Structure formats: structure tokens, C-alpha cells
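Listed below are the residues making up each chain.
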Amino acid sequence: ARSPYLALVALFVFLLTWVSTFLYLEQQALVAEVFTDRDTRTAFFSRLDFWGQSGSLAMQLFVFGRLYRWFGFRALIVSVPVLMALGFATLALFPTFAVLVGVMVLRRIGEYSITRPSRDTLYTSVTREERYKAKSLIDTFVYRGGDATSASAHALVKATFGLGLSGIAWCGAALAVLWAAVAWVLGTRHVALNPRR
């Protein structure tokens, strides 16, 4: 609470969970419509996990370091929120199962191969004591709090306004734009605190 920088990190994580949960809940609803059989749904999620994890591994092994050198930290930390805003906008305009799957795979690969390493890098700008106290709080309380509040907000928005997939996707796009703005400010502050990076 005494550190504006760590408060921004917490807000970044909070918005990450909101964007992820909005997409996840829409995925759950659409998958239930497309695959009525439980075994088929399980097989679909298995394939989704496989491609998400394989893509994340490939990105971390072969691409992340190059992207970091070419574009710098700020561009990387902003990239996934911007891609998610574009993904949600595409889903709003073309609310199909195929687009949803594409956005889900993009989110998973981006989160695990770019956002997570970038998020952990943010803690290198604070003292060791701040890092260990704040990181555990942010990774548990803020992350899980974001999950719980976003699920409630998703249900409230859907029930109140009767939004379908397109409407929820526009809400997700707006959240992702806000997330990108926070990421930009956070990336700028991190680079200012670590001018060699």
C-alpha cells in the first residue's frame, strides 16, 4: 500500500485475472453448447491444453529472448494486453467457436510465455523484503480476489444487460485496453528504475 509501483503491479494482476476469467467463462458456455458429450469436451480441453503448453514452451525457448532484445521490456509487457484487446474485438465482431478457440490459445501462450516472465521481472525493481512480502500477497490474495470478483461481475453484467458472446467480448476488449494502459505505465516505470534493461 505504501508503494505506488507495487500497487500498479497488483492492479496489473487484478486486470489480468478479469480478462482471463471473462474469456474462460464464455469458453465454458460455448464448449458446453458445441460438445454435448462429456468425453468429447474432455478431449477438446486436452487438445487446447496441449497446444497452449506447446506454444508457450516454444515461445520461451526460441522467441522470448529475441523479442526482449528487439523490442524491450515495455513492449513485451504491453503486447499480450493489446493482443487480448484485438482478440476480444475480433470475437465481438465474429462470435464463433473457432475465433473463441483462437483467442483462448493466444491468451494461454501469451500469458505463460510473455506475461508471466515479464510480471516476475517487475519485482526486480524493488527491495528483497518488498519483493517477498508483496509477491506472495499479489500472487494469492489479489489473483484469487480478481478471479472471484470477475466471475461475479461477469454473471451480473450478463444477467443485468442480457449480453451474449459479442457483448461480453466488447466488455473484455474494454478491460484489456485498461490492462494495456496499466501495463504501459508499469513498463515505463520499470524501465526508468532499470535504465540498462
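Residues numbered from 1 in each chain as written. Predicted model: local features only at pLDDT ≥ 70, side-chain atom pairs only at ≥ 80, totals over all residues. Heavy atoms only, no water.

Thoughts on helix H4 (residues 97-122)
Along an α-helix, residues three or four apart share an orientation, since each turn contains 3.6 residues. Its 26 residues give H4 an end-to-end C-alpha distance of 35 Å, which sits within 8% of 38 Å, the value for a rise of 1.5 Å per residue. Roughly 45° is the biggest bend found in H4, and it falls at Glu111. (Helix = DSSP H or I, 4+ residues; strand = E, 2+ residues; numbered from the N terminus. Expected span 1.5 Å × (residues − 1). Bend = angle between axes of the 7 residues up to and from the residue.)

Considerations on the nonpolar core
Membership of the largest hydrophobic core comes to 57 residues, with the highest contact counts inside it found for Phe12, Leu23, Met84, Ile138 and Trp179. Only helix H1 (4-34), helix H2 (38-71), helix H3 (73-93), H4, helix H5 (128-161) and helix H6 (165-193) provide two or more residues apiece to this core. It is H1 that provides the largest number of residues to this core, a total of 15 residues. When residues no more than four places from it in sequence are discounted, the contact partners of Trp179 are Phe12, Leu15, Leu16, Val19, Val80, Pro81, Met84 and Thr115. (Core = buried A, V, L, I, M, F, W, Y, C linked by side-chain atoms within 4.5 Å. Buried < 20%, exposed > 50% of the residue type's maximum accessible area, 1.4 Å probe, protein only. Contact = heavy atoms within 4.5 Å.)

Overview of a nonpolar patch on the surface
The grouping of Val82, Leu83, Leu86 and Leu106 at the surface amounts to a nonpolar patch, some 320 Å² of accessible area in total. Looking at which element gives the most residues to the nonpolar patch, the answer is H3, with three residues. By secondary structure assignment, the location of Leu106 is in helix H4. Assessed through its relative accessible area of 34%, Leu106 is described here as partly exposed. (Patch = residues over 30% accessible without salt bridge, like charges linked within 9 Å, V, L, I, M, F, W, Y side chains within 5 Å. Areas by Shrake-Rupley, 256 points an atom, 1.4 Å probe, with all protein chains shown as cover. Salt bridge = Lys/Arg side-chain N within 4 Å of Asp/Glu carboxyl O.)

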